[in-house]
Amino acid sequence: MTDPVPLNLLDALTEHQGYETAVYCTYGVDLAFFEEAVLRPLRHNRCRRHIIFVDGRRYAETIEQWRDCAQFVGHHYLLVPIHLPPFQAFHPKLTLLLGQQRGRLLVGSGNLTFTGFGHNHELYTCLDWTPDKPEVLPLFQAAWQFIEAIQARWGHNRLAHETLRKTTYQAPWLQQTEGDSSGHLAFWHSLQSPLLDQLEQAVGEERVRRVTAVTPFLDRQALAVAELNRRFQPDEIRLVLQSEQAVGDVIALTELQTQGTPLTLYRFGDSSRYLHAKLLLLETETAVYALSGSANCTRPALLATPEAHGNVETALLRRAEPAGYFNYLLPADLLPDHPITPAEISLRLPELTAVSEDQETAVTPIHLLDLRLESGLLHLRIHWNRTLPPTSSELQLRLDTAPPVFLPLTLVDGQQETGVPIPKESRGLFEQPISGKIVVIEAGAGWATAVSNALWVTNEAALKQASAAGWYGGSPAADVLAAMAAESEAEWRDLYAEIQRLVLLDVAQVSHQPIPAENSSRHAKRTSLPAVERETNITLATEESALALAEDEVVATAVSHESELQAFFDHIRQRLPGQPPAQSAGSPSVSVTQTVTKRKWTPERHTKTRFVNLVKKYIGSLRNPIYRQQTAVRDSLIHYVVFQRIVWLLHTHQGLDTAEYLGYWRDMNAGFFGVGLSESPAKSPLLRQHCRYAWREEWMETAVPLCALTILWQTDQIVTQQPEFIPAEEWAAEKWHILAFLRVVVDWDNLRQNLESLVPLAEVADLYGQPVEELELALLPWLDTGLEEIADGLQHWLATATFDPQAVTEPQQANLLYQANVDYRRALFHLYQQMGEAAKQRHIANELIFWARRANDHEESHKWRELLIALYRAEGDERGTAVALYRQAQQHLRDREYALAEQLAQEALALANHLRDEGMKQRCERLLASIEFLTR
């Protein structure tokens, strides 16, 4: 085999785009080198999330050595220390780059330093995954599982955990079950089993003829070399060492030879560069095994796990035929022709400690696990060392600035987390990287004694801003969609390319999933929607699934906020027609006359066809349950608004006639709002993700309700003037359905305020070429129309959302249905309030108390009970008030809120006495007795 081209690690990291997360595992790290040579070009390539897992002792050195030159630690990337017991090291060397459709894995011997990436002799393997390379998928998954295990076991940085979850969400291929490794390539680590045990199992019964070991470190007694001989009984062991640089004991090697070990030494010929590569080659009669990675030929690296006083190591095993396949790894300068005797080589003796560079040997009573700045508070997560005496209560958090800043800190023995307020005058300190530790001020001595390790502060706001900042720099295509005016065919083509690249990213992720074929009739497509509805069960085995669902939604929302699609959407909304780029999208002073100053270019036929096909693809995705469940709600909302813009843009540029425009608009609403669906949206895998009141802020921030109301109004005008487009009965059903859907997910009073303020409405007014004041007057009546019809629709959804909790086996699905019952009733309550139906309001409030508790929202349940009491009082219904007070007191008692329970029970008793209701009086007295007993 010919010699491969030497691998340039920096080029390997930065030559491709398409990665969004980079995870590094290293023993040591040079922060100045990393920030300039690795982080900067990767961020330029739009790789935005970076986590470095580093040995805890070397982490401490970064604070001492790089305090003055590290610019971005804790701001643009996370540095996570992995603390192992004395004489052990976190020693893996790997880099994992991950994106939606691409992955790159680098496993080798070099640390994340200048010497490890260029000056030393290192050995690295570079592997790439793309969808057309399923054979390497198991290696990437194994590497990812190793990283997750590291974080779960030793990584206490909360934002690192969140970043890994975001990565899993954006690179779902890491969780796929597809892919079958050929067996000739495997990723190994030492967390559960020693590397040499794994190697012995892989070789199996094959007879090993020769072992070749290249290593910069041996243990003092050469135990690993001896164990290689004992297990494999080779005819020869070739050991390559660098004179004056390698660590080992010549006497131990001489004794091995004397004892009969077939050991032959070779001296590495290049003295100008440090030989830091680690390689084991095992040659059999027909094949060769190559183990390369981070493991030296020592006992902690090869013969033990972290539980057995070993290191954390990573390696790649490759098996190839014939036996000389990997000879290219042993050039003449590495493996000379002539062996040497032990007397001909000079080795550095191992230090007495296994971790020779250890500068931090003191055991501190408090271990600082996480130090995070969030919302004006420094959040500390700690672990107490209970083998040491209790610490003085006069603790302070020292920020290592010049001069140092001390913040008062009170910890209770056993406490795990606490928050420290940041004084106003000190907040500017956190604009740059800063570290901190817990100290005790010695009384009368005037100096501080450290009682914890030091950590870099993770600035959560800066980190999130770095993930999103500069993600989208703008383009002429975005400006076209902002101004809603294309002046040339080139602008149409640019817009098409940009929308296809950005908006359809999520569609592409599930493109392998079947999408129902479109019928020729749009009416048929809408009425056939329930036929393609199919439940996609999400089976979660524990009662914690509801919490897992909420966490998944948090991750999806965070990823969406940081996405290029979100940045693209924000860019559009910040460039209203006729305004300079810095003009706020919310300015009510926008002049609509400026909207039409640009020449409107009608797209050529083939361009129009491409846009229409793009719209059809989006409509098709709205009928794909897998797509709807895997897309972040915020992204789904943005998709809807962007495609509404595209259809309107085509219509206003004579690319679509009125009938075509209405048809595509109705198709979008059929998929997005479920028009034509007879059952509750909560039971539809297409709708249940975004038809929830919990997403009200995202709905308003993306202006979907204002956009939908405007289209309803415009379509109503068209249908009134030209009823042949849509039958009246069919149109009425559509608009009442959409309005009911909006009432479920939107705070109606807030929507009215948005309309009356004109500020958010200006964006939509510009989009549809309407004076903002006139559009406001046109839309306000839509907030008060069709109340009876909407109420009937909501009642129908309630009927179809009723379920037997015992019959639902998936807790996640039960939680969704409970929440849907709350959301529908909340919408009904406000609807009846608008209609002046007090009795119906009280009835719905009673039901909301029950369903909110079933949804585990106790705060919401209390809110509705208090509102119910207020309703009874407003009506002058003293008996109803007494009953409501009594029930609320009961609930507070169950929640162990005894003071509130007693207060409400006393009020209920007073009303019962006033009404001379003996039954209620006795119930209140018994309740008060129970409260008194439990509070003793």
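Parameters at a glance
- Residues numbered from 1 in each chain as written.
- Predicted model: local features only at pLDDT ≥ 70, side-chain atom pairs only at ≥ 80, totals over all residues.
- Heavy atoms only, no water.
- Helix = DSSP H or I, 4+ residues; strand = E, 2+ residues; numbered from the N terminus.
- Buried < 20%, exposed > 50% of the residue type's maximum accessible area, 1.4 Å probe, protein only.
- Contact = heavy atoms within 4.5 Å.
- Pairing = 2+ DSSP bridges.
- Core = buried A, V, L, I, M, F, W, Y, C linked by side-chain atoms within 4.5 Å.
- Axes fitted to C-alpha atoms, helices over the stretch in contact; angles between N-to-C directions.
- Salt bridge = Lys/Arg side-chain N within 4 Å of Asp/Glu carboxyl O.
- Right-handed = clockwise from strand over helix to strand, strands pointing away.
- Parallel < 35°, antiparallel > 145°, perpendicular 65-115°, else oblique.
- Phe/Tyr/Trp six-rings, centres within 6.5 Å; stacked < 30°, edge-to-face > 60°.
- Lys NZ or Arg CZ within 6 Å of the ring centre and 35° of its normal.
- Lys, Arg positive; Asp, Glu negative; His and termini not counted.
- 1 Å grid on protein atoms, 1.4 Å probe; cavity = no way out; pocket = protein on both sides within 12 Å on 5 of 7 lines; lining within 4 Å.
- Points joined across faces, edges and corners; volume = space filled by probe spheres on them.
- Nonpolar A, V, L, I, M, F, W, Y, C, P; charged D, E, K, R; others polar.
- Expected span 1.5 Å × (residues − 1).

### Thoughts on the overall build of the chain
Step number 1: Of regular secondary structure, the chain possesses 35 helices and 22 strands.
Step number 2: Burial status across the chain gives 56% buried among its 936 residues.
Step number 3: The contacts in the chain between residues at least 6 apart in sequence include a share of 78% that link residues at least 24 apart.

### Section: the sheet that holds strand 15 (residues 377-384)
Step number 1: An order of 18-15-14-22 is seen for the 4 strands of this open sheet, with the pairing classed as mixed. Edge positions in the open sheet fall to strand 18 (417-421) and strand 22 (458-459), since each of these has one partner strand only.
Step number 2: Taken together, the 2 bridges between strand 14 (residues 366-374) and strand 22 define a ladder with parallel strand orientation. The residue bridging L373 from the neighbouring strand is N459, located in strand 22.

### Section: the nonpolar core
Nonpolar side chains in soluble globular proteins tend to be buried together.
Step number 1: Judged by nonpolar contacts, the single largest core of 138 residues is most densely connected at L481, I499, Y640, F673 and W699.
Step number 2: Top contributing element to this core by residue count: helix 21 (residues 633-652), with 12 residues.
Step number 3: Discounting residues that sit within four places of it in the chain, F673 has contacts with Y640, M668, L687, W699, A708, H737, I738, F741 and L742.
Step number 4: Among the nonpolar cores identified, the runner-up in size contains 55 residues, and L42, L97, L407 and L411 belong to it.

### Description of the sheet that holds strand 8 (residues 208-214)
Step number 1: Pairing is mixed in the open sheet, where 7 strands are placed in the order 7-13-12-11-8-9-10. Two strands lie at the open edges of the sheet, namely strand 7 (185-189) and strand 10 (263-267), each paired on one side alone. Adjacent strand axes in the sheet meet at a mean angle of 15° when their direction is disregarded.
Step number 2: On top of the sheet, helix 9 (residues 250-258) reaches strand 9 (236-241) and strand 10; it is set at about 140° to strand 10, its chief contact.

### A short note on the pattern of salt bridges
Step number 1: Scanning the model with the defined rule gives 43 salt bridges in all.
Step number 2: Residues R67 and E64 are paired through a salt bridge, measuring 4.0 Å at the closest nitrogen-oxygen approach.
Step number 3: Judged by its relative accessible area of 27%, R67 falls in the partly exposed class.
Step number 4: E64 gets classed as exposed once you look at its relative accessible area, which sits at 55%.
Step number 5: We note a salt bridge from R381 to E417, for which the minimum N-O separation is 4.0 Å. Here R381 is found in strand 15, whereas its partner E417 is found in strand 18, with 36 residues between them in sequence.
Step number 6: E417 gets classed as exposed once you look at its relative accessible area, which sits at 53%.

### A few points about unusual backbone geometry
Step number 1: For the peptide bond that leads from E321 to P322, omega is 5°, which places it in the cis range.
Step number 2: Along the chain, P322 falls in the loop between strand 13 (314-320) and strand 14.
Step number 3: Here the bond from A402 into P403 is cis, since omega is -5°, no more than 30 degrees from zero.
Step number 4: Along the chain, P403 falls in the loop between strand 16 (395-399) and strand 17 (405-409).
Step number 5: For A222, which is not a glycine, the phi torsion comes out positive at approximately 55°.
Step number 6: By the element assignment, A222 lies in the loop between strand 8 and helix 8 (223-232).
Step number 7: In the Ramachandran plot, A703 falls in the positive-phi region, its phi being about 65° despite a non-glycine side chain.

### Brief notes about the pairing of strand 17
Step number 1: Burial of strand 17 is one-sided: the residues V405, L407 and L409 facing one way are buried, the residues F406 and P408 facing the other way are not.
Step number 2: As judged from the 5 bridges shared by strand 16 and strand 17, these two strands associate in the antiparallel manner. Considered in strand 17, the bridge of L399 is made with V405.
Step number 3: What sits between the antiparallel neighbours strand 16 and strand 17 is a turn of 5 residues.

### A word on the pairing of strand 9
Step number 1: Judged by how many residues are buried, strand 9 sits mostly within the fold: 5 of 6 residues are covered.
Step number 2: Pairing of strand 8 with strand 9, which is carried by 5 bridges, proceeds in the parallel orientation. Paired with T212 across the bridge in strand 9 is R238.
Step number 3: As a crossover connection, the stretch from strand 8 through helix 8 into strand 9 is right-handed.
Step number 4: Note: strand 9 against strand 10, 5 bridges, orientation parallel. Within strand 10, the position partnered with I237 by the bridge is L263.
Step number 5: Running through helix 9, the crossover from strand 9 to the neighbouring parallel element strand 10 is right-handed.

### Quick word on the packing of helix 19 (residues 605-621) against helix 22 (residues 658-672)
Step number 1: Helix 22 packs onto helix 19 with a crossing angle of 25° between their chain directions and a minimal axis gap of 9 Å. In terms of orientation, helix 19 and helix 22 fall into the roughly parallel class. Along the contact surface, helix 19 presents K608, V612, V615, K616, Y618 and I619, while helix 22 presents E660, Y664, D667, M668 and F672.

### Examining the packing of aromatic side chains
Each pair of aromatic rings is reported with the distance of its centres and the angle of its planes.
Step number 1: In total, this model carries 27 aromatic pairs according to the counting rule given.
Step number 2: Among the aromatic residues, ring-to-ring pairing joins Y640, F672, F673, W699, F741, W797 and Y824 into one connected group.
Step number 3: A cation over an aromatic ring shows up here: R826 above the ring of Y693, its NZ or CZ 3.9 Å from the ring centre.

### Observations regarding the side chain of E698
Step number 1: Residue position: E698 is located in helix 23 (residues 696-701).
Step number 2: Buried charge without a salt bridge: E698, with R634 as the nearest opposite-charge side chain at an N-O distance of 4.7 Å.
Step number 3: Filtering out sequence-adjacent residues up to four positions away, E698 remains in contact with T557, R634 and L637.

### A look at helix 18 (residues 564-573)
Step number 1: With respect to burial, helix 18 is a largely interior element, 9 of its 10 residues being buried.
Step number 2: Here helix 18 has its buried residues at E564, L565, Q566, A567, F568, F569, H571, I572 and R573.

### Concerning empty space enclosed by the protein
Step number 1: By the definition in use, this model includes 11 cavities of 30 Å³ or more.
Step number 2: When its volume is computed, the largest cavity comes out at roughly 160 Å³.
Step number 3: Around the largest cavity, the lining is made up of 15 residues, and of these L78, T163, K166, L463 and S467 lie nearest the centre.
Step number 4: For the lining of the largest cavity, the elements supplying multiple residues, two or more each, are strand 2 (49-55), helix 6 (158-170) and helix 11 (460-468).
Step number 5: Each residue belonging to the lining of the largest cavity can be placed in one class, and the counts come to 4 nonpolar, 4 polar and 7 charged.
Step number 6: The space that makes up the second largest cavity amounts to roughly 130 Å³.
Step number 7: Among the elements of the structure, strand 3 (78-82), strand 14 and strand 21 (455-456) are those that each provide at least two residues to the lining of the second largest cavity.
Step number 8: When residues in the lining of the second largest cavity are grouped by element, the largest group, 4 residues, is from strand 14.
Step number 9: A breakdown of the residues in the lining of the second largest cavity according to their chemical character gives 11 nonpolar, 5 polar and 1 charged.

### Remarks on the side chain of T168
Step number 1: Mapped onto the elements of the fold, T168 is located in helix 6.
Step number 2: Beyond its immediate sequence surroundings of up to four residues, T168 is in contact with W144, E148 and Q175.

### Re the packing of helix 21 against helix 22
Step number 1: Contact geometry for helix 21 and helix 22: axes closest at 10 Å, N-to-C directions at 170°. Considered as vectors, helix 21 and helix 22 are oriented roughly antiparallel to each other. In this structure, helix 21 contributes S636, L637, Y640, F643, Q644, V647, W648 and H651 to the contact, and helix 22 contributes T658, Y661, Y664, W665, M668, N669 and F672.
Step number 2: Class assignment for the residues of the contact of helix 21 with helix 22 results in 10 nonpolar, 5 polar and no charged.

### Focus: helix 5 (residues 137-153)
Step number 1: The first and last C-alpha atoms of helix 5 sit 24 Å apart over 17 residues, in line with the 24 Å expected at 1.5 Å per residue.
Step number 2: Where helix 5 is concerned, the buried positions are L137, L139, F140, Q141, A142, A143, W144, F146, I147, I150 and Q151.

### A few points about the environment of I572
Step number 1: Locating I572 in the fold gives a position in helix 18.
Step number 2: Residue classification places I572 among the buried positions, given a relative accessible area of 2%.
Step number 3: Taking the C-alpha atoms as reference points, I572 and A483, 89 residues apart in sequence, are found 8.4 Å from one another.
Step number 4: With sequence-adjacent residues up to four places away left out, I572 is seen in contact with A478, L481, A482 and R645.

Keep in mind these numbers describe shape, not what the thing actually does.
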